[in-house]
Amino acid sequence: MSLGAVDLPYFSENGFRRAQCSATGLWFWSRDVARKTCGDSQEDEYTFIGNPLISGFPETGSALKDKMRETFLNFFEQQDHTRVEPYSILARWRDDIHLTIASIAVFQPHVTSGTVPPPANPLTISQPCIRLTDVDAVGASGRHLTTFEMMAHHVFNRPKDGEVYYWMNECVEFCDHLFVDALGIDANEITYVENPWSGGGNAGAAVEVIVGGLELATLVFMNLQEDEDGGVEIKGIKYSEMDLQIIDTGYGLERFCWAAAGTPTIYEAIYPESVSWLKELTGFSQILESTNINLDELLGQMSRLLGIMNIEIGSDESSLRKVLIARLAERGVEIDEQTLLSVSQPLSRIYAIPDHMHALCNMLGDGLVPSNAKAGYLARMLIRRVLRMRDELGLQVSICELAEHHLEFNYDESRMKQTRAGFLQILQLEEERYSVMLRKGENVVKGMLKSLPIDAVEIPDEILFTLNDTHGMAPALVIGIAKSSGWSEVSLRGGFTAELAQRHASQAKQAAKSTAKGRVLPQLPTTKKLYYDDVWMTNHNAEVLHCSQEGDDWIVVLNQTCLYPEGGGQAFDLGTIDGIEVKDVQIENDIIIHTITSKVSGNVEVELDISRRRQLMDHHTAVHIVGGAARTLLGPHVYQAGANKNTDSARLDITHHSRLSRDDLNEIEKLSNQVLQQTQTTEKMELPRAQADKEFGFDLYQGGAPKGGDVRILKIGEHDVQACGGTHHDEPAKIGSIRIIRSSAVQDGVERLTIVAGAAALEHSRRQAELLSEASEVFGIDENDLPRTASRFFEEWKTQRKRIESLEAEVTRLKTEGGSDSATEVDGIRYVFLEVDGDNKQMVAMVGELTRDSDKPTVAVIGSREGGGKLLVAITENSIASQKHDANAILKAISHHIQGGGGGRPTFAQGGGSKPDGIEAALEQARQDLLN
RNA sequence: GGGCGCUUAGCUCAGUUGGAAGAGUGCUUCGUUUGCAACGAAGAUGCCGGGGGUUCAAAUCCCCCAGCGUCCA
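Residues numbered from 1 in each chain as written. Chains lettered and ligands numbered in written order. Predicted model: local features only at pLDDT ≥ 70, side-chain atom pairs only at ≥ 80, totals over all residues. Heavy atoms only, no water.

1. Here's the deal with the overall build of chain A
In terms of regular secondary structure, chain A is built from 27 helices and 32 strands. What you see for chain A is a C-alpha radius of gyration of 38 Å, clearly larger than the 30 Å of a compact globule of 932 residues, by over 25%. For the C-alpha atoms alone, the extent of chain A along its principal axes is close to 120 × 90 × 55 Å. For chain A, buried positions account for 49% of its 932 residues. Counting contacts in chain A only where the partners sit at least 6 residues apart, residues at least 24 apart contribute 64% of the total. With 90 positive and 135 negative side-chain charges, chain A shows a spacing of 4 Å between the two charge centroids. (Helix = DSSP H or I, 4+ residues; strand = E, 2+ residues; numbered from the N terminus. Rg over C-alpha atoms; globule rule 2.2 N^0.38 Å. Buried < 20%, exposed > 50% of the residue type's maximum accessible area, 1.4 Å probe, protein only. Contact = heavy atoms within 4.5 Å. Lys, Arg positive; Asp, Glu negative; His and termini not counted. Charge placed at Lys NZ, Arg CZ, Asp CG, Glu CD.)

In structure tokens form, the structure reads like this:
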């Protein structure tokens, strides 16, 4: 069976009627019995433009958003929902997405799978989200945004446990009351469209709530999970009911604001100050004056049209424009393509900039560092889009000025974790990077265009693809540069942008996925982890639950163990089981697997290699302290991007926007050691997820997304708090000292710190001292003089090498000047046959001397026994000698004597071989050939 | 995580099919002119990112590594 009709008592009790949309075929509920369409179809255009749907909201911009948000949250608080503060826009509790894309995303995967209880139930939230899939449409469509707030009320029911708050009927009732009673929306305008939802292995009934042609909310009732034997089928996949029933709703805050403001586009409703400021800076009114059009009328009609045209991103822009012009004409707005473009292009940029700036405030405000990979790339992409649009608009403002304006009017700075100064610094750095890229890119463009005829009308696709992908030069930018560099006829081929997107999409598809290897073990109970009870426990007894051969080794599972398995970047412990050496310790599904060299059974004794453990703990705790110190000193954007703790050293990767100097490292090292001394004890605790999130925030999850319902937390005074499953010191002072050896770049936006602590720090210092004394012994000087002496020696070595070269040249000159006995003159041409000592470079200098003088036409053949034998034939250029002889031919004829080959130009050929003794014969043959 | 590109003088970059490492700018000295980002002459400055391979011969071709850049997920 499939999902049936969403037939709710609320609908029948309130005069709703179910009908099938004449345009989309979807079933919908409406109080308006005459309604033929569902509201979200090509037949339904926006009715609220110039005619607000929601009354009582005269504000615009952030005041409107604040009031609307508060109205929503208040409404649900009154209905016994608990208000939950928004989560971070960076989805740090998840490893499958970078950004929070919906309010439900903050509860995935653990709350929605049932392993972690929700922070409140039922709850209401207004969650900032970012979606970049439609980034190209932002500004152009009149309604698309990259960042928005998803207002929601969520319910997590467990019917089997008798825990049910409410389900579909009450949910729709709440929604309807909100719309009609709280917001004053005309009840007849509201339609509830049945449209089952599925994704990510779950599914359920859903209704879309449409008002005035605009989808204002989606109510999803998720109660199904993928199951081959399930009785419900949606889109060809079978599902069965799950224990947890979840109501996932989404109400678009900005859309509510638009519907309340009735402005021609959504951007005027939410970013009015930015839009008018940018219009002023652009001189938009002058653009408009020359066109003689009614802007609000045009924009309103465009929004209505674009709202119903259902445009696929990537579709051909110019043909789309033609359709739009025709449709506008039907509505009495006469406009030609040129005029439309001259108005719509700058406008779409003016609209997109505040949207992008808002997304950047959200992303960078949460501590994201722009980069060329992962989430950081998304920020960089937005920054570059803003910069590009700014340049296309001809605006003389920096991105920092744009940001400051945005902060002033549109953004509550107190929501930012990043400091204002840090935020602006990052933007400034990015702007500098962008201009470097542009400057270099311009050279590359000109270089690649060289071979293109000056009257070309198109630039070959391959060039455009390459410029875009490897140099970041967008096609439009390339065209601009080409035009201003003399190729005045070129233009961008229609549909090229779509093809570029297509090409990237297929590249992404080809990227293969790797699968993790896993052992197949019989069902075993989870191993008791004794290392959490006492990190200093060195031996204990245990029961062998499983022992099987794997290659030459045996893998053993015990009921309990004090050996820490590899995880959280910490290397595994070593030790013995019944005296047999442990080679490896891993954890899979909470079962700890030891690898040893022979079989064990029954009751065994486990012993830990405590010195290794101690070193690993030194390093692990040190990594936390250094991470905290880096954050204190560099800024809140510092986040652990990875870590590794071994016995000889540890490394910590942190997000940061600039390279670190030795001075930075010294500061971090200094603070780390202070913390070491000042913090008496570390606190270790195990908390439920919800409580941990609430108490400490998401910076907890620097080591990666949390895996289960409870999280182990390590708190080092007020210095650092992290969720961490590793083993740690109770007293940080036991580490002794921390040294930061070096920093290196792992990836753009990520710095790697190499750290030594405890005994490893001592060993490192000892080794350094040893190297210093060895080096100073070579020079026979004091260690303190080493840098100065080394650089003096290096300088001297360089000047002496120069001196040798010039002396060699002098020797060559002396050897070749004057009547050498190996020279013979025939018919005005001097022939020189000479065997010399010296390498290739010296020989080249020699023949240079011999053949330079055009008054003495010369054919020089010289050979050397070095390196398997070298032969060189040179002829004075533009002389009777070069007319008569070919150096290449001469060389070819004689090189067989040294079992080699060679080649070159007609006046200069060189070759070599593997038989030095053949030099004499080669020279003799040349003499015979040339003189007889 | 994947694709592509780059790394040569202090700086910005050329360097064709493998065959003698270049230009501009800056620097030093001298001269001319002292309103010019002035002009003339001479000169110094290179482990051609690192390591391996192919070859008689590698800045150049192949492989590995590193750093940088860029596009995409």
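2. Focus: the protein's contact with RNA strand B
In the vicinity of RNA strand B there are 36 residues, among which Lys 374, Tyr 377, Arg 384, Asp 469 and Thr 470 approach most closely. Atoms of RNA strand B within 4 Å of the protein: sugar and phosphate make up 61%, bases the balance. Taking Asn 372, its main chain carries an N or O atom lying 3.1 Å from a base nitrogen of RNA strand B. With respect to RNA strand B, the side chain of Arg 384 contributes an N or O atom lying 2.5 Å from a phosphate oxygen. Listing elements by their share of the surface near RNA strand B, those giving two or more residues are α12 (374-393), α14 (420-449), α15 (461-471), α17 (496-510), α23 (786-816), α24 (840-852), β31 (901-905) and β32 (908-912). (Near = heavy atom within 4 Å. Polar contact = N/O pair within 3.5 Å; in protein donor to acceptor, adjacent residues only side chain to side chain.)

3. Here we look at the sheet that holds strand β28 (residues 829-836)
In a beta sheet, neighbouring strands are held together by backbone hydrogen bonds and run either parallel or antiparallel to one another. With mixed pairing, six strands are arranged side by side in an open sheet as β27-β28-β29-β30-β32-β31. Single-partner strands in this sheet number two, and they are β27 (823-826) and β31. Taking the axes of each pair of neighbouring strands and ignoring which way they run, one obtains an average angle of 10° across the sheet. (Pairing = 2+ DSSP bridges. Axes fitted to C-alpha atoms, helices over the stretch in contact; angles between N-to-C directions.)

4. With respect to the domain arrangement of chain A
Entries for chain A in the domain assignment read domain 1 (23-260), domain 2 (451-507), domain 3 (528-605), domain 4 (613-766) and domain 5 (818-931). The centre of domain 4, based on its C-alpha atoms, is set 68 Å off from the matching centre of domain 5. (Domains from an automatic or database assignment.)

5. A short note on the pattern of salt bridges
Counting across every chain of the model gives 50 salt bridges. For Arg 69, the salt bridge is made with Asp 66, and the minimal N-O distance between the two is 3.0 Å. With Arg 69 and Asp 66 both in helix α2 (residues 61-78), this residue pair falls three residues apart, about one helical turn. A relative accessible area of 17% places Arg 69 in the buried class. (Salt bridge = Lys/Arg side-chain N within 4 Å of Asp/Glu carboxyl O.)

6. Comments concerning the packing of aromatic side chains
Going through the model one piece at a time under the given rule, you end up with 28 aromatic pairs. On the basis of an interplanar angle of 45° and a centroid distance of 6.2 Å, the ring pair of Tyr 251 and Phe 256 is categorised as tilted. Each member of the pair, Tyr 251 together with Phe 256, is buried. Ring-pair connections join several aromatic residues into one group, and the members of that group are Phe 72, Phe 75, Phe 76, Tyr 166, Phe 174, Phe 179, Tyr 251 and Phe 256. A cation sits over an aromatic face here: Lys 67 above Phe 57, 5.1 Å from the ring centre. (Phe/Tyr/Trp six-rings, centres within 6.5 Å; stacked < 30°, edge-to-face > 60°. Lys NZ or Arg CZ within 6 Å of the ring centre and 35° of its normal.)

7. A word on the pairing of β31
Relative to β32, β31 runs antiparallel, the two being bridged by five bridges. Among the inter-strand pairings, Gly 901 is bridged to a residue of β32, identified as Gly 912. Following β31, the chain reverses through two residues before pairing antiparallel with β32.

8. Thoughts on the pairing of strand β11 (residues 237-252)
With 12 of its 16 residues buried, β11 lies for the most part within the structure. Where strand β5 (residues 147-157) and β11 come together, five bridges link them in antiparallel fashion. Paired with Val 155 across the two strands is Ile 247, which belongs to β11. Two strands pair when backbone bridges link them, and strand β9 (residues 214-226) and β11 are joined in this way by nine bridges, in the antiparallel orientation. Following the sheet pairing, Thr 218 is matched in β11 by Gly 250. Examined bridge by bridge, strand β10 (residues 232-234) and β11 share three bridges and lie antiparallel to one another. Across the sheet, residue Val 232 finds its bridge partner in β11, namely Tyr 239. Linking β10 to β11, which pair antiparallel, is a turn of two residues; within it Lys 235 sits at a positive phi near 50°.

9. Describing the environment of Leu 145
Of note, Leu 145 is situated in the loop between β4 (123-130) and β5. Residues within four places of Leu 145 in sequence aside, it is in contact with Arg 131, Val 138, Glu 254, Ile 266, Tyr 267, Ile 270 and Asp 355.

10. Looking at the confidence of the model for chain A
Chain-level pLDDT for chain A is 86 on average; 96% of the residues reach the 70-or-more range. Scored below 50 in pLDDT, residues 512-517 makes zero contacts in the model with residues more than four places away or belonging to other chains. (pLDDT = per-residue confidence, 0-100.)

11. Quick look at the nonpolar core
Ranked by size, the top nonpolar core spans 166 residues in total, and within it Ile 54, Met 68, Phe 179, Tyr 192, Tyr 251 and Ile 459 carry the most contacts. Considering each element in turn, this core owes the most residues, 13 residues, to helix α11 (residues 337-365). Ignoring any residue separated from it by four or fewer positions in sequence, one finds Ile 459 in contact with Leu 449, Leu 452, Leu 464, Val 478, Ile 479, Ala 482 and Val 490. With 24 residues, the next largest nonpolar core counts Leu 676, Leu 714, Ile 735 and Ile 755 among its residues. (Core = buried A, V, L, I, M, F, W, Y, C linked by side-chain atoms within 4.5 Å.)

12. Comments concerning the packing of α11 against α12
One way to put it is that α11 packs onto α12 with a least axis distance of 9 Å and a crossing angle of 150°. By the angle between their directions, the pair α11 and α12 is classed as roughly antiparallel. For the crossing formed where α11 meets α12, the hand is left-handed. Counted together, Pro 346, Arg 349, Ile 350, Ala 352, Ile 353, His 356, Met 357, Ala 359, Leu 360, Met 363 and Leu 364 of α11 and Ala 375, Leu 378, Ala 379, Leu 382, Ile 383, Arg 385, Val 386, Met 389, Arg 390, Glu 392 and Leu 393 of α12 form the full contact between these two elements. Considering only residue class, the contact of α11 with α12 consists of 17 nonpolar, one polar and four charged. (Parallel < 35°, antiparallel > 145°, perpendicular 65-115°, else oblique. Left-handed = near helix turned anticlockwise from the far one by under 90°. Nonpolar A, V, L, I, M, F, W, Y, C, P; charged D, E, K, R; others polar.)

13. Overview of the sheet that holds strand β21 (residues 650-655)
With respect to topology, four strands assemble into an open sheet ordered β20-β21-β26-β25, the strand pairing being antiparallel. Each end of this open sheet is capped by a strand with a single partner; those strands are β20 (640-645) and β25 (738-747). Strand-to-strand, the axes of this sheet are offset by a mean angle of 20°, without reference to chain direction. Relative to strand β26 (residues 750-757), β25 is paired through eight bridges, and the arrangement is antiparallel. If you follow Ala 745 over to β26, its bridge partner there is Glu 751.

14. Notes on the side chain of His 81
Inspection of the secondary structure puts His 81 in the loop between α2 and β3 (82-83). Here His 81 falls in the buried class, since its relative accessible area comes to 4%. In terms of polar contacts, His 81 uses its side chain to reach the backbone carbonyl oxygen of Gln 79, at 3.0 Å. Ignoring any residue separated from it by four or fewer positions in sequence, one finds His 81 in contact with Phe 76, Pro 122, Leu 123, Thr 124, His 153, Tyr 166 and Phe 174.

15. Considering the environment of Asp 391
Locating Asp 391 in the fold gives a position in helix α12. Taking relative accessible area as the criterion, Asp 391 reaches 36% and is therefore assigned partly exposed. Sequence separation between Asp 391 and Glu 605 is 214 residues; the distance between their C-alpha atoms is 72 Å. Apart from residues no more than four positions distant in its own chain, Asp 391 is found in contact with Tyr 434 and Leu 438.

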